[in-house]
Amino acid sequence: MHMHQHYMQRCLDLAIQGLGKVAPNPLVGSVIVHEKKIIGEGFHLQFGKAHAEVNAIQSVTEKDLLKDSTLHVNLEPCSHFGKTPPCADLIIQHKIPRVVIGSYDPNPKVAGNGIKKLREAGVEVITGILKAESDFLNRRFITAHTKHRPYIILKFAQSADGFMALNEPKQFWFTNELSKKLMHKWRTEEQGILVGRNTVAIDDCELTARLWRGKNPIRIVIDRKISLSSDKKIFNAFAKTFVFNEVETKTGGTIDFIQIDFTKNVLEQILRHLQANEIQSVIIEGGPATLQPFIEQNLWDEARIFTTPHQLKGGKPSPIISGIVIEETEIETDLLKVIINSAT
């Protein structure tokens, strides 16, 4: 069993390379082993392109060896036609006798059918190898299919004395340049980034990944009266922008205005729209007024908090976040703490 874990960890290491490129598909890596030797491996590199199992099988030079090999994959092989044919069919076609799987696929189009198809074809299937690690890797994908909303990441910086903004409407940059670059990297890994109207009005933020190479997230702003001026950077053509408001619904170009009812639960309406558009992960980068409703309604999964050396001695207090601390990292003068919501 420990050898299966070893190869499954390799699957996870391969799969993570697709982060920011494969959504709304899951992160998947695959390793093919013959007589304790890896003879092929691959991962899902880009949405719409070949899946991990396909790339792994294609990488095997001597295809005859597949009939006496074990295929490892961190997520159940798909069993339906999507952008590509079913991976379960390809495994059966090549007569691979054994498949080792990390997680079940919660997508209703799969949901155990991939495993069922393999077993009915006489393939030995071993499941649950590094399941917790496999589930965590695909936490965005799993959240979207089980909670029917995007995976929510709260991100903010605070002073050493617990404040995250000045009392007056004035921009104040807390984190150092290295932390700022890391935040831009995060933007390439998630599908959306959300702020409130005040953040845009005060900071004139662009919300793109200018300091890191990768895809810009969809920018999301809550602007109830559509009062932000059109010359704000968030409305430039470098990325798509959603504006949630109570005035109108209008689409065209890179800006979509989406009308919602502000007398009802605003966050539920926003998340429902994002889910319908297959946006599986969103970073919340707004101020306290934007972050607090997510916390109060328990609509968050992960928090990334930078504590900086600054002493404000007053201002808007940082939100109180409780959960499981999974990481604490010093980034020069900043301390990054990553917290998982234990309730979700």
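The structure this text deals with has already been given above.
Notes on the structure in this doc start here. (Residues numbered from 1 in each chain as written. Predicted model: local features only at pLDDT ≥ 70, side-chain atom pairs only at ≥ 80, totals over all residues. Heavy atoms only, no water.)

Here we come to the side chain of Arg187. If you trace the backbone, Arg187 turns up in helix H7 (residues 177–189). In this structure Arg187 comes out as buried when scored by relative accessible area, which is 8%. Engagement of the side chain of Arg187 in a polar contact is seen with the side chain of Glu285, the distance being 3.0 Å. Among residues more than four places away in sequence, those in contact with Arg187 are Ile193, Leu207, Thr208, Ala209, Arg210, Lys215, Pro217, Ile283 and Glu285. (Helix = DSSP H or I, 4+ residues; strand = E, 2+ residues; numbered from the N terminus. Buried < 20%, exposed > 50% of the residue type's maximum accessible area, 1.4 Å probe, protein only. Polar contact = N/O pair within 3.5 Å; in protein donor to acceptor, adjacent residues only side chain to side chain. Contact = heavy atoms within 4.5 Å.)

What follows covers the sheet that holds strand E12 (residues 281–284). Taken in spatial order, the 9 strands line up as E11-E10-E9-E8-E12-E6-E13-E16-E15 in an open sheet, and their pairing is mixed. Looking at the sheet topology across the chains shown, the edges are occupied by strand E11 (255–259) and strand E15 (324–331). Direction aside, the axes of adjacent strands within the sheet are offset by 20° on average. Sheet topology note: the strand E6 (residues 151–158)/strand E13 (residues 302–307) ladder contains 6 bridges and is parallel. Bridge pairing in E13 places Ile153 opposite Glu302. Seen against the sheet, H7 touches E6, strand E8 (192–196), E12, E13, E15 and strand E16 (334–340) and runs at an angle of roughly 165° to E13. (Pairing = 2+ DSSP bridges. Axes fitted to C-alpha atoms, helices over the stretch in contact; angles between N-to-C directions.)

This brings us to the pattern of salt bridges. One pass over the full model with this rule turns up 17 salt bridges. The salt bridge partner of Glu41 is Arg10, with a shortest N-O separation of 2.7 Å. Of this pair, Glu41 sits in strand E2 (residues 37–43) while Arg10 sits in helix H1 (residues 2–15); the two residues are 31 residues apart in sequence, bridging distant segments of the chain. Exposure remark for Glu41: the relative accessible area of 28% places this residue in the partly exposed category. When its relative accessible area of 32% is taken as the criterion, Arg10 is described as partly exposed. If you follow the salt bridges from partner to partner, you end up with Arg139, Glu302 and Arg304 in one network. (Salt bridge = Lys/Arg side-chain N within 4 Å of Asp/Glu carboxyl O.)

It is worth spelling out the sheet that holds strand E4 (residues 98–103) at this point. With mixed pairing, the 5 strands of this open sheet are ordered in space as E2-E1-E3-E4-E5. Two strands lie at the open edges of the sheet, namely E2 and strand E5 (124–126), each paired on one side alone. Ignoring strand direction, the axes of neighbouring strands in this sheet form an average angle of 20°. Most of the contacts of H1 go to strand E1 (residues 29–34), to which it runs at about 145°, and overall it touches E1, E2, strand E3 (70–75), E4 and E5.

In this section: the nonpolar core. One finds Leu154, Leu274 and Ile321 to be the most contacted residues of the largest nonpolar core, which totals 29 residues. Elements represented by at least two residues in this core include exactly E6, strand E9 (218–222), strand E10 (241–245), helix H9 (266–276), E12, helix H10 (288–296) and E13. In this structure Ile321 touches Leu154, Phe156, Ile295, Trp300, Ala303, Ile305 and Ile339, once residues within four positions along its chain are discounted. Among the nonpolar cores identified, the runner-up in size contains 27 residues, and Ile153, Ile283, Ile331 and Ile340 belong to it. (Core = buried A, V, L, I, M, F, W, Y, C linked by side-chain atoms within 4.5 Å.)

Counted under the stated rule, the structure contains 2 aromatic pairs. For the ring pair Phe172 and Phe174, a centre distance of 4.9 Å and an interplane angle of 75° mean the geometry is edge-to-face. Residue classification places Phe172 among the partly exposed positions, given a relative accessible area of 30%. A relative accessible area of 8% places Phe174 in the buried class. Between Trp186 and Phe306, the ring centres sit 5.7 Å apart and the planes meet at 35°, which makes this aromatic pair tilted. One end of the pair, Trp186, is in helix H7; the other, Phe306, is in strand E13, and 120 residues separate them in sequence. Of the two residues examined, Trp186 and Phe306, each falls in the buried class. The ring centre of Trp186 lies 4.6 Å from the NZ or CZ of Arg304, which sits over that ring. (Phe/Tyr/Trp six-rings, centres within 6.5 Å; stacked < 30°, edge-to-face > 60°. Lys NZ or Arg CZ within 6 Å of the ring centre and 35° of its normal.)

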